[in-house]
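Summary of structural features
The primary structure of each chain is shown beneath.
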Amino acid sequence: MSSKVKIYHNPACGTSRNTLALIRNTGEEPEIIEYLLNPPSKSELINLIEKSGLSVREAIRKNVEHFEAHNLDQQHWTDEQLIQFMLEYPILINRPFVVTELGVKLCRPSELVLDILSAPQLGAFIKEDGEIIIDKNGKRIK
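Since the structure is predicted, the reported quantities are computational estimates derived from the model, not experimental observations. (Residues numbered from 1 in each chain as written. Predicted model: local features only at pLDDT ≥ 70, side-chain atom pairs only at ≥ 80, totals over all residues. Heavy atoms only, no water.)

Points about the overall build of the chain
- Along its length, the chain carries five helices and six strands.
- Counting from the amino terminus, the chain carries its helices and strands in the arrangement β-α-β-α-α-α-α-β-β-β-β.
- The globule rule puts the C-alpha radius of gyration for 142 residues at 14 Å, and the 16 Å found for the chain is close to it.
- The dimensions of the chain, computed from C-alpha atoms along their principal axes, are 50 × 30 × 25 Å. (Helix = DSSP H or I, 4+ residues; strand = E, 2+ residues; numbered from the N terminus. Rg over C-alpha atoms; globule rule 2.2 N^0.38 Å.)

So this is what it looks like as structure tokens:
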């Protein structure tokens, strides 16, 4: 199966689940990469970060044990070193990254995925926390 949309997904993350659901609300089934089980290669990770327009520091998760344990907030760490930490501890990779024909985006908040989906929303969408993102006519509210 070939999909035009790819999501680097963590099923334990509400933002990632909402992003996946918004993709599916277009009628498309994306390629789902559970990146904690199947981490990206170094070149894939660098490509995701570069194409999303983020810095390495913007793409790293800060509220996880490995970030604090290794003092990754210290400015002496180079991008190359931070990438190595992300490869060694994939939980440090912020998520969800989504890749489409329109671009790559770190979808935090989840509705950012709407900016890179070419297919329209097929119906209403309410996030897990109750926030309405798409109305009953498939129109974006937020």
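Picking up after the structure, the text goes on.
Points about the nonpolar core
- Of all hydrophobic cores here, the largest spans 22 residues; its most connected members are Ile49, Ile60, Leu72, Met86, Leu92 and Phe97.
- At the level of elements, helix H2 (42-52), helix H3 (56-59), helix H5 (79-88) and strand E4 (103-106) are the ones that each hand at least two residues to this core.
- The element best represented in this core is H5, accounting for four residues.
- Dropping the residues within four chain positions of it, Ile49 is found in contact with Leu54, Ser55, Val56, Ala59, Ile83, Met86 and Phe97.
- Among the nonpolar cores identified, the runner-up in size contains 14 residues, and Val113, Leu114, Ile133 and Ile134 belong to it. (Core = buried A, V, L, I, M, F, W, Y, C linked by side-chain atoms within 4.5 Å. Buried < 20%, exposed > 50% of the residue type's maximum accessible area, 1.4 Å probe, protein only. Contact = heavy atoms within 4.5 Å.)

With respect to a nonpolar patch on the surface
- The grouping of Ile126, Ile132 and Ile141 at the surface amounts to a nonpolar patch, some 290 Å² of accessible area in total.
- In this structure, Ile132 sits in strand E6 (residues 132-134). (Patch = residues over 30% accessible without salt bridge, like charges linked within 9 Å, V, L, I, M, F, W, Y side chains within 5 Å. Areas by Shrake-Rupley, 256 points an atom, 1.4 Å probe, with all protein chains shown as cover. Salt bridge = Lys/Arg side-chain N within 4 Å of Asp/Glu carboxyl O.)

With respect to the packing of H2 against H5
- Where H2 meets H5, the closest approach of the two axes is 10 Å, and the angle between their N-to-C directions is 115 degrees. Note on packing geometry: the crossing formed by H2 with H5 is right-handed. Of the residues in H5, those in contact with Lys42, Leu45, Ile46 and Ile49 of H2 are Glu80, Ile83, Gln84, Met86 and Leu87.
- Partitioned by chemical class, the residues of the contact of H2 with H5 number six nonpolar, one polar and two charged. (Axes fitted to C-alpha atoms, helices over the stretch in contact; angles between N-to-C directions. Left-handed = near helix turned anticlockwise from the far one by under 90°. Nonpolar A, V, L, I, M, F, W, Y, C, P; charged D, E, K, R; others polar.)

Side note on empty space enclosed by the protein
- Evaluated as defined, the whole model comprises one cavity of 30 Å³ or more.
- Here the largest cavity is characterised by a volume of approximately 70 Å³.
- Every residue lining the largest cavity is listed: Lys4, Val5, Thr26, Glu28, Thr100, Glu101, Ile116, Leu117, Ser118 and Ala119.
- The class makeup of the residues in the lining of the largest cavity is four nonpolar, three polar and three charged. (1 Å grid on protein atoms, 1.4 Å probe; cavity = no way out; pocket = protein on both sides within 12 Å on 5 of 7 lines; lining within 4 Å. Points joined across faces, edges and corners; volume = space filled by probe spheres on them.)

Points about the pattern of salt bridges
- One pass over the full model with this rule turns up six salt bridges.
- One salt bridge connects Glu128 with Arg17, and the closest N-O pair in it is separated by 2.7 Å. Here Glu128, found in the loop between strand E5 (125-126) and E6, pairs with Arg17, found in helix H1 (residues 14-24); they are 111 residues apart in sequence, far enough to count as distant.

Brief notes about the pairing of strand E3 (residues 97-100)
- Relative to E3, strand E1 (residues 6-9) runs antiparallel, the two being bridged by three bridges. In the strand pairing of E3, Ile7 is matched with Val98.
- In the sheet, E3 pairs with E4 via four bridges, with the strands oriented antiparallel. By the bridge assignment for E4, Phe97 is matched with Leu106.
- Linking E3 to E4, which pair antiparallel, is a turn of two residues. (Pairing = 2+ DSSP bridges.)

Re H1
- By the burial criterion, the buried members of H1 are Ser16, Asn18, Thr19, Leu20, Leu22 and Ile23.
- For H1, the secondary structure elements touched by its buried residues are E1, strand E2 (31-34), E3, E5 and E6.

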